[in-house]
Amino acid sequence: MGTDAPRSRRHRGLRAVFVTLGIVLTVALAGGGFAAWTVTRSFPTLSGELRVPGLGAAVTVYRDNAGIPLIEAKTAQDLFMAEGYVHAQDRFWEMDFRRHVTAGRLSELFGESQVGTDSFIRTLGWRAVAEAEVDLLDPVALGYYQAYADGVNAYLATHSGADISLEYAVLGVQNPGYKPQQWTPADSIAWLKAMAWDLRSNLDDEIDRSFLAASLPPEDATALHPAYPYAKNPTILGGFPDQAAAVAALDAVTGPPDDATGDTPDPGAVPGPGAVAAQTADTSGEPAALAPLARLRDALGSVPELLGPAGDGIGSNSWVVSGALTDTSKPILANDPHLGAAMPSVWYQVGLRCAQVNAECPFDVSGYSFSGMPGIVIGHNARVAWGFTNLGPDVADLYIEKVTGDNYELDGVQKPLVVRTERINVAGAASVTLDIRATEHGPIVSGIAGTPYAQIASDYPRVADLETTTAPEEGAPALEYQVSLQWTALTPGHTPSAIFALATASDWPSFRAAAELFEVPSQNLIYADVDGNIGYQAPGSIPIRKTGDGTLPVPGWTSANGWAGRIPFASLPTSYNPPSGYIVTANNAAVGTDYPYLITADWDLGYRASRITARLQALIDAGTPLTTRMMSDIQGDNYSSIAAELVPALLNVSVSGKAAKAQALLVGWDLTLDSDSAAAGYFNVVWSTLLHQLFDSKLPEGTHLTGGDRSFAVVSALLADPQSPWWTNQEVGAAGRDSMLARVLTRAADRASELMGEDPADWRWGRIHTLELRNASFGNSGIAPLEWLFNRGPYEVDGGASVVNAVSWDATTGYDATRVPSMRQVVSLESWDDSTWVNLTGASGHAFHGNYADQAPLWQRHETRPWRFTQAAVEEATVDTLTLMPTRGD
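**With respect to the overall build of the protein chain**
Part 1 of the argument: When you go through the protein chain residue by residue, the secondary structure sums to 27 helices and 29 strands.
Part 2 of the argument: Per-residue burial over the protein chain gives 62% buried out of 890 residues.

**Remarks on the packing of helix α19 (residues 641-650) against helix α22 (residues 709-719)**
Part 1 of the argument: As a packed pair, α19 and α22 sit with axes 10 Å apart at the nearest point and diverge in direction by 30°. Relative to α22, α19 is oriented so that their crossing is left-handed. Packed against α19, whose contacting residues are I642, E645, L646 and A649, the element α22 presents F712, S716 and L719 at the interface.
Part 2 of the argument: Class assignment for the residues of the contact of α19 with α22 results in five nonpolar, one polar and one charged.

**Points about the packing of aromatic side chains**
Part 1 of the argument: In total, this model carries 42 aromatic pairs according to the counting rule given.
Part 2 of the argument: Here the aromatic rings of F778 and F790 are separated by 5.8 Å at their centres, their planes lie at 25°, and the arrangement is stacked. Taken together, the residues F778 in the loop between β23 (770-773) and α25 (784-790) and F790 in helix α25 connect sequence positions twelve residues apart. Exposure class is identical for F778 and F790. Each is buried.
Part 3 of the argument: Grouped by ring-pair contacts, the aromatic residues W93, F97, F110, Y168, Y178, F778 and F790 constitute a single cluster.
Part 4 of the argument: R98 extends its terminal NZ or CZ atom over the ring of W191, reaching a point 4.0 Å from the ring centre.

**Some details on the pattern of salt bridges**
Pairing between side chains becomes possible if they bear opposite charge and their charged atoms approach one another.
Part 1 of the argument: Here the structure, examined in full by the defined rule, presents 34 salt bridges.
Part 2 of the argument: Residue D64 pairs with R865 through a salt bridge whose shortest N-O separation is 3.4 Å. Of this pair, D64 sits in the loop between β2 (59-63) and β3 (69-73) while R865 sits in strand β28 (residues 865-866), and the two are 801 residues apart along the sequence.
Part 3 of the argument: Owing to a relative accessible area of 14%, D64 belongs among the buried residues under this scheme.
Part 4 of the argument: Between K661 and D759 there is a salt bridge whose closest N-O contact spans 3.7 Å. Taken together, the positions of K661 in helix α20 (residues 658-663) and D759 in the loop between α23 (737-756) and α24 (765-768) put the pair 98 residues apart, joining distant regions of the chain.
Part 5 of the argument: By relative accessible area, which is 30% here, D759 ends up partly exposed.

**As for the nonpolar core**
Part 1 of the argument: One finds W487, W669, Y682, F683, W687, L690 and F695 to be the most contacted residues of the largest nonpolar core, which totals 225 residues.
Part 2 of the argument: With near-sequence residues (within four places) excluded, F695 lies in contact with L224, L705, V714, V715, L718 and W726.
Part 3 of the argument: Ranked by size, the runner-up nonpolar core spans 16 residues in total, among them I332, A609, L616 and I634.

**Observations regarding the state of the cysteines**
Part 1 of the argument: The tally for this structure, following the rule as stated, stands at one disulfide.
Part 2 of the argument: A disulfide bridge connects C354 with C361, and the sulfur atoms are separated by 2.0 Å. For the disulfide bridge between C354 and C361, the dihedral angle about the S-S bond is near -85°, and by the sign convention the bridge is left-handed.

**Quick notes on the sheet that holds strand β21 (residues 574-576)**
Part 1 of the argument: If you walk across this open sheet you meet the eleven strands as β1-β29-β2-β3-β6-β7-β8-β9-β16-β17-β21, and the pairing is mixed. Looking at the sheet topology across the chains shown, the edges are occupied by β1 (48-51) and β21. Taken over all neighbouring pairs, the strand axes of this sheet differ in orientation by 15° on average, direction set aside.
Part 2 of the argument: Two strands pair when backbone bridges link them, and β3 and strand β6 (residues 348-354) are joined in this way by four bridges, in the parallel orientation. Counterpart to A73 in the pairing with β6 is C354.

**A short note on the side chain of H441**
Part 1 of the argument: You can see H441 is positioned in the loop between β14 (432-438) and α14 (463-466).
Part 2 of the argument: Polar contacts involving the side chain of H441 include one to the side chain of E401, which spans 2.7 Å.
Part 3 of the argument: When neighbours within four sequence positions are excluded, H441 is seen to be in contact with Y399, E401, S484, L485, Q486 and G556.

**Regarding the confidence of the model for the protein chain**
Part 1 of the argument: Chain-level pLDDT for the protein chain is 88 on average; 84% of the residues reach the 70-or-more range.
Part 2 of the argument: The low-confidence segment residues 449-469, where pLDDT is below 50, has 64 contacts with residues more than four positions distant or belonging to other chains.

**Some points on the pairing of strand β27 (residues 836-839)**
Part 1 of the argument: Across the two faces of β27 the burial is the same, with T836 and V838 and W837 and N839 all buried.
Part 2 of the argument: One ladder, built from four bridges, connects strand β26 (residues 823-828) with β27; its direction is antiparallel. Of the residues in β27, the one forming a bridge with R824 is V838.
Part 3 of the argument: Two strands pair when backbone bridges link them, and β27 and β28 are joined in this way by two bridges, in the antiparallel orientation. Looking at the pairing, T836 lines up with P866 of β28.

**A look at unusual backbone geometry**
Part 1 of the argument: In the segment running from M343 into P344, the intervening peptide bond is cis, with an omega of 0°.
Part 2 of the argument: Of the consecutive residues G793 and P794, the connecting peptide bond is found in the cis state with omega at 5°.
Part 3 of the argument: The topology assignment puts P794 in strand β24 (residues 792-796).
Part 4 of the argument: Phi at N577 is positive, roughly 50°, even though this residue is not glycine.
Part 5 of the argument: Along the chain, N577 falls in the loop between β21 and β22 (582-585).
Part 6 of the argument: In this model, L671 sits at a positive phi of 70°, which is unusual for a non-glycine residue.
Part 7 of the argument: Inspection of the secondary structure puts L671 in the loop between α20 and α21 (678-695).

**Brief notes about the environment of Q825**
Part 1 of the argument: As for its placement among the helices and strands, Q825 is situated in strand β26.
Part 2 of the argument: Q825 sits in the buried class, given a relative accessible area of 1%.
Part 3 of the argument: With ten residues separating them in the primary sequence, Q825 and S835 have C-alpha atoms 7.6 Å apart.
Part 4 of the argument: Apart from residues lying up to four places away in sequence, Q825 is in contact with L333, A334, N335, Y368, I378, G379, W386, G387, Q635, T836, W837 and W867.
Part 5 of the argument: Only 3.3 Å separates the side chain of Q825 from the backbone oxygen of W386, close enough to count as a polar contact.

**Things to note about the packing of α21 against α23**
A pair of packed helices can be characterised by two numbers: the angle between their axes and the separation between those axes.
Part 1 of the argument: For the pair α21 and α23, interaxial distance at closest approach is 8 Å and the crossing angle is 125°. With respect to α23, the axis of α21 lies oblique. By crossing handedness, the relation of α21 to α23 is classed as right-handed. Residue-level contacts link G681, Y682, V685, V686, T689, L690, Q693 and L694 of α21 to M740, L741, V744, L745, R747, A748, A749, R751, A752, L755 and M756 of α23.
Part 2 of the argument: Looking at side-chain class alone, the contact of α21 with α23 contains 14 nonpolar, three polar and two charged residues.

Reading the values: the criteria
Residues numbered from 1 in each chain as written. Predicted model: local features only at pLDDT ≥ 70, side-chain atom pairs only at ≥ 80, totals over all residues. Heavy atoms only, no water. Helix = DSSP H or I, 4+ residues; strand = E, 2+ residues; numbered from the N terminus. Buried < 20%, exposed > 50% of the residue type's maximum accessible area, 1.4 Å probe, protein only. Axes fitted to C-alpha atoms, helices over the stretch in contact; angles between N-to-C directions. Left-handed = near helix turned anticlockwise from the far one by under 90°. Contact = heavy atoms within 4.5 Å. Nonpolar A, V, L, I, M, F, W, Y, C, P; charged D, E, K, R; others polar. Phe/Tyr/Trp six-rings, centres within 6.5 Å; stacked < 30°, edge-to-face > 60°. Lys NZ or Arg CZ within 6 Å of the ring centre and 35° of its normal. Salt bridge = Lys/Arg side-chain N within 4 Å of Asp/Glu carboxyl O. Core = buried A, V, L, I, M, F, W, Y, C linked by side-chain atoms within 4.5 Å. Disulfide = S-S within 2.5 Å. Pairing = 2+ DSSP bridges. Polar contact = N/O pair within 3.5 Å; in protein donor to acceptor, adjacent residues only side chain to side chain. pLDDT = per-residue confidence, 0-100. Parallel < 35°, antiparallel > 145°, perpendicular 65-115°, else oblique.

Printed below as a string of structure tokens:
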């Protein structure tokens, strides 16, 4: 909810710049004392007194040994002004970089290599929507955002260049004239659009389905996008669908009873609403019709992935249990959002406390914030705790538009395109003028010069379409096919106010009222309060479609397609004090097939949710009171569901030599992906090899199975069909399931030897499954001196894709961790001070600061820190106290 440089495929153009910077900086840092001064000059003042113009009274900032601040102020305005000041102290480069991304202004920092990215962001109009949302704020909320901006600007007034952060020293070599602008409320709110983009729904799946349906028989295309397995995995509101499914999941935790047959559960899936696979992506059968989608697929990689790559791995775990099941008789709430790994972490831990909590200053809250935004996103106040996971609704659709000149067609009528012009300023080069066009559906994303979107729909026309189109008169503009995007995040909303409403919620009704404001991105919100209540609410702006299920691009020239409204908030999934005594959300289906609206056809398939639910239920059935330690242990669960299904088949085939020795590692393996496990290391090489051997030669170019939940479901179904054509690969001499598995075991043993050494006894999953924490802007340059400055790691890590400890990797690219639990929290409603938390990196965004990466080893070992909340506990843990004072005369 993480980035590389920024993480996307289009930043190769920065390499020449970074080479120069790396050489210059290496020479500069060789200067000993000068190097130390350059690196440390931006480290913030953490104790004593500082004068901050604009404050109404003194503000106290307590920091513990991890640098985590608790800010105490007498007024809400001073509280948020101080939060802005403290965020700027620790993370301003991150804030500045983010606002350049969200405003489409990266070219101002890095030059013309970023024009294409900026053009795309400008076309979507994130900044314009943010400015419109500023106008929708009520005076109180607007005052909070402005106070925060004033605090950031107070810090900038006394700091510049490398005094702000080391990154500005690096940037100054190439772009010496750059100076950060003043912070504004729109800079804060625009970050919500980046959140929504990286948590967007199924655009990639829409494109993938189109290619599969055009290249494969309908039944194969359907099988490669399996529906949610309602008969096997739980829904958020309904839990496991029947006793048999619950027993199957519990057996994986406790082992089957003595009289169990050990039969594999039925892998078949009951289709959810709208889950019929796309079979009409190319009704003409002409591959040329897919060219625009191919370019669109490439273009989706042109946007910085600030929270992580879209697809498998973007998600979260959260659950809450009632006091009737705990050792304290009060609820416990756990949450760990899975996002892209970044340095610094996307999260910033902070406490915000009014000296006297009242209507004018209602905040006493602690948790995880975003640097650049006021308030707390996930955490707890003095009465209520909450957590987030991504609901994953389908909130974005693609339309193929018929465009002629400056007009587009709708219901046979030519309508004028909405056109606006923007200018992109470019460091070291001339500015670029961008014309942005839109239909009533949204912006046209297929004509952006300098990006893969250019002429994206030029090959779309099909005979059947052209038969209904009047030929243009001689000399008239030619008909073009373009792609437009309709997305709920492009409609101004009220999410910026929801942050404060959540922070001040005191009971279930006020929490639901706050959730109603949280429109984009749609989340699963879990809830607990000190009175012992637990709850779940799915908020968000989710469209109701006139036709179809949102799984394919649709013609935009007819009003028969499109959106007919939004699902009413009162009809969105919700639960309060369920009979089970607990609620689990892990991006699995929120509702069953009887729900009257389509939320999405592309839920996470529920492997993590099934495992969490089964572990909780096993403890409950044993009569064991649940503790915060148990919740942390579940967060670190490394059990692999696909290993449970695949390993028996792997052990049932005969291999020889090195492969037999490697195969023996799987005998008696506990199926957990621990970093020190030889069996886990070999299994994951087998898993990657199997996916390549099964699918690489049979899938259309650009379509992949990356090893996550979708891959699990597809291979699980194939295991039950030993003679499926998918098991035949003449290139490797495989015919049938067992033949394929034998060849995969042999090839994987050779590959594992290359990666981990000749002796299988010495193999370890952590030797190849590592996490490098990369700086968002300079950390993926390929230039060793720059990467040494800003990156940390690699760390050997447990976990994998679609396991509870979701330290995911992409089987198409390697074994490095790409998406991770970005933080972990376990909240005790009986005693806030018994809660625990950990961040992925540290509080500081300053390279070489003691709190830059100090929490990363704790995170790696699955350890947490005490989360102090009461004033006495905070003061006991304080190592630095800073007093922010108003200037004389304020």
